[in-house]
Amino acid sequence: MELVKTIYSKKDKFPVPLNGEFVFVGRSNVGKSTLLNTLTGTNIAKISKKPGKTASVNFYKINNLFYFVDLPGYGFAKVSEKERIRWKQIIEMYFESRFWNIKIVFLLIDGRHELQKNDEQMINWLKDLDLQFSIILTKIDKLKMSEKSKMISYYKRLFGENYIIIPYSAITKEGVNEILNLVEVLGGAKN
Ligand SMILES: Nc1nc2c(ncn2[C@@H]2O[C@H](COP(=O)(O)OP(=O)(O)O)[C@@H](O)[C@H]2O)c(=O)[nH]1
Ligand SMILES: [Mg+2]
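These numbers come from a predicted model, not from an experiment.

What counts, and at which threshold
Residues numbered from 1 in each chain as written. Chains lettered and ligands numbered in written order. Predicted model: local features only at pLDDT ≥ 70, side-chain atom pairs only at ≥ 80, totals over all residues. Heavy atoms only, no water. 1 Å grid on protein atoms, 1.4 Å probe; cavity = no way out; pocket = protein on both sides within 12 Å on 5 of 7 lines; lining within 4 Å. Points joined across faces, edges and corners; volume = space filled by probe spheres on them. Nonpolar A, V, L, I, M, F, W, Y, C, P; charged D, E, K, R; others polar. Pairing = 2+ DSSP bridges. Helix = DSSP H or I, 4+ residues; strand = E, 2+ residues; numbered from the N terminus. Axes fitted to C-alpha atoms, helices over the stretch in contact; angles between N-to-C directions. Near = heavy atom within 4 Å. Polar contact = N/O pair within 3.5 Å; in protein donor to acceptor, adjacent residues only side chain to side chain. Areas by Shrake-Rupley, 256 points an atom, 1.4 Å probe, with all protein chains shown as cover. Buried < 20%, exposed > 50% of the residue type's maximum accessible area, 1.4 Å probe, protein only. Contact = heavy atoms within 4.5 Å. Parallel < 35°, antiparallel > 145°, perpendicular 65-115°, else oblique. Core = buried A, V, L, I, M, F, W, Y, C linked by side-chain atoms within 4.5 Å. Salt bridge = Lys/Arg side-chain N within 4 Å of Asp/Glu carboxyl O.

### A word on the layout of surface pockets
1) Next: Volume-wise, the second largest pocket comes out at about 200 Å³.
2) Next: Around the second largest pocket sit 15 residues that line it, and Arg27, Ser28, Asn29, Asp110 and His113 are the ones nearest its centre.
3) Next: Looking at the lining of the second largest pocket residue by residue, the class counts come to 4 nonpolar, 5 polar and 6 charged.

See the structure below:
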């Protein structure tokens, strides 16, 4: 995996489309960078203890075939109103420019918590844009067996049968193959 482009504003040019893109989005600290590293077997996506840094869209090129696109994390309380607006603009700009090249959006949700308001907003946004998405329940290793089945049922009830829900852990690697298979099925190639 290679970071080929970071978009900060309208002035930045998007990279050539290649064979589609797989998008990763979620609240800050949900485990997005860790997942990108896990999927690609690299350490290129920075895992930061300090959320709320400058919002950008990062394009990672995979096997010269397609992109993993890392959208800025949302829901971090300590960012200014100005940063929040910028965050929305940059994601909007990304979706508007590239919706046609998006294979699927992976929406990461912390598996320990019920759906948050801003996750719901993101879901409505994805639905409005008619983008296919799948839910990844992260940090599932932190749950006891009984809590885990409870949260999985909760999300299945919430989304119904139309959405793929993948319980995942960077620690146990549960769910990693399922995510990679989905990427492969949708036209990407496994690493
Ligand atoms: N236990 C556990 N911790 C995780 C998992 N994924 C990420 N983390 C931790 O959660 C924190 C935030 O991860 P990061 O990937 O930087 O989140 P991001 O802000 O969404 O990119 C880090 O301390 C990670 O080590 C997971 O599946 N299980
Ligand atoms: Mg990150």
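### A look at the sheet that holds strand S5 (residues 102-110)
The pairing of strands in a sheet comes from backbone hydrogen bonds and takes either a parallel or an antiparallel form.
1) Next: Strand order across the open sheet formed by 7 strands is S1-S3-S4-S2-S5-S6-S7, with mixed pairing between neighbours. The open sheet terminates on both sides in strands that have one partner only, identified here as strand S1 (2-7) and strand S7 (165-167). Direction aside, the axes of adjacent strands within the sheet are offset by 25° on average.
2) Next: Where strand S2 (residues 21-26) and S5 come together, 6 bridges link them in parallel fashion.

### Things to note about the site of ligand 1
1) Next: Close to ligand 1 lie 17 residues, the nearest being Asn29, Lys32, Thr34, Asp141 and Ala170.
2) Next: Between ligand 1 and the protein, one listed contact pairs an oxygen atom with a side-chain N or O atom of Lys139 at 3.0 Å.
3) Next: The fraction of the free accessible surface of ligand 1 (590 Å²) that becomes covered by protein chains is 83%.
4) Next: Looking at the shell around ligand 1 residue by residue, the classes come out as 4 nonpolar, 7 polar and 6 charged.

### What to know about the environment of Pro15
1) Next: Its location among the elements puts Pro15 in the loop between S1 and S2.
2) Next: On the basis of relative accessibility, which here comes to 12%, the residue Pro15 falls in the buried class.
3) Next: The sequence separation of Pro15 and Lys150 amounts to 135 residues, and the corresponding C-alpha distance is 42 Å.
4) Next: Apart from residues lying up to four places away in sequence, Pro15 is in contact with Lys5, Phe59, Tyr67 and Arg98.

### What to know about the packing of helix H1 (residues 32-40) against helix H5 (residues 176-185)
1) Next: It is at 10 Å that the axes of H1 and H5 come closest, and there the two elements cross at 75°. The angle between the axes of H1 and H5 places the two elements in the roughly perpendicular class. Contacts between H1 and H5 involve Leu35, Thr38 and Leu39 on the former and, on the latter, Val176, Ile179 and Leu180.

### Description of the nonpolar core
1) Next: Core analysis: the largest hydrophobic core is formed by 37 residues, its most contacted members being Leu71, Tyr94, Phe95, Val105 and Met122.
2) Next: Every element with two or more residues in this core is listed here: S2, strand S3 (57-62), strand S4 (66-70), helix H2 (81-98), S5, helix H3 (117-128), strand S6 (133-138) and helix H4 (145-159).
3) Next: Per-element tally for this core: the top contributor is H2, with 6 residues.
4) Next: The contact partners of Val105, leaving out residues within four places of it in the chain, are Val23, Val25, Phe95, Leu126, Leu131, Gln132, Phe133 and Ser134.
5) Next: Grouped together as the second largest cluster of nonpolar side chains are 22 residues, Phe24, Leu36, Phe68 and Val183 included.

### A few points about H1
1) Next: With 7 of its 9 residues buried, H1 lies for the most part within the structure.
2) Next: Among the residues making up H1, those that are buried are Lys32, Ser33, Leu35, Leu36, Asn37, Leu39 and Thr40.
3) Next: Close packing links the buried residues of H1 with S2, S3, S4, S5, S6 and H5.
4) Next: Within two residues after H1, Gly41 carries a phi angle of roughly 60°, on the positive side.

### Structural notes on the pattern of salt bridges
1) Next: Applying the stated criterion across every chain, the model contains 7 salt bridges.
2) Next: Residue Arg98 is joined to Glu21 by a salt bridge in which the shortest nitrogen-to-oxygen separation is 3.0 Å. Note that Arg98 is positioned in helix H2 and Glu21 in strand S2, a separation of 77 residues in sequence.
3) Next: Residue classification places Arg98 among the buried residues on the basis of a relative accessible area of 5%.

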